[in-house]
Amino acid sequence: MQSVLADHPTAQLARVDPDGSVHVAATDLHFPNGPVITPDGRTLIIAETLAMRLTAFDIGSDGALSNRRVWAELGMRAPDGICLDANGQVWIANVIGPECVLVAPGGEVVATVETSQPCYACMLGGPERRTLYMMTAPSSMPDVVSVARHGRIECAEVATPGAGLP
């Protein structure tokens, strides 16, 4: 069963070819965010923030997307930024909770890193890509965050390094 945070319009994902032409790659996405591409270049995983899930597509040799499927249902976690680790699991920044969560295909929670405030983006970096960088802020509302700038970059060391793109 799909959970959706709010009634909202859906979005399209565009593909831009090397010649500059633009094509619709996918439709009916619920606030798409944080795409990652697996190391073999064959799968795109994207966060659908307002549907509280990760969605995957196969990437064709021409860049076209096919075989849309739910990669993970996330319950009451709204993924924003995401990153991929070398085990094929995905770290999600949870915009409705102070945490960054590692999930396996299908949605099993493998690890959780608590943050001081809601988490909006994450990336594995550093010399061995084992530092989980998490961007946090008290809100995503411009009128709130522009008054008092409390955004942070929080870090945690993890066992499994990053993989794929970005």
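Check the entry above for the structure.
We now turn to the structure provided with this report.

What counts, and where the lines are drawn
- Residues numbered from 1 in each chain as written.
- Predicted model: local features only at pLDDT ≥ 70, side-chain atom pairs only at ≥ 80, totals over all residues.
- Heavy atoms only, no water.
- Pairing = 2+ DSSP bridges.
- Helix = DSSP H or I, 4+ residues; strand = E, 2+ residues; numbered from the N terminus.
- Polar contact = N/O pair within 3.5 Å; in protein donor to acceptor, adjacent residues only side chain to side chain.
- Contact = heavy atoms within 4.5 Å.

Two strands pair when backbone bridges link them, and strand S3 (residues 32-37) and strand S4 (residues 43-48) are joined in this way by four bridges, in the antiparallel orientation. Paired with Asn33 across the strands is Ala47, a residue of S4. Between S3 and S4, which pair antiparallel in sequence order, lie five residues; one of them, Gly41, sits at a positive phi of approximately 70 degrees.

The next subject is the side chain of Thr136. Within the element layout of this structure, Thr136 appears in strand S12 (residues 131-136). Polar side-chain contacts of Thr136 include one of 3.1 Å to the side chain of Gln117. Among the polar contacts listed, one links the side chain of Thr136 to the side chain of Glu154, at a separation of 2.8 Å. With near-sequence residues (within four places) excluded, Thr136 lies in contact with Thr115, Ser116, Gln117, Pro118, Cys119, Tyr120, His150, Gly151, Arg152 and Glu154.

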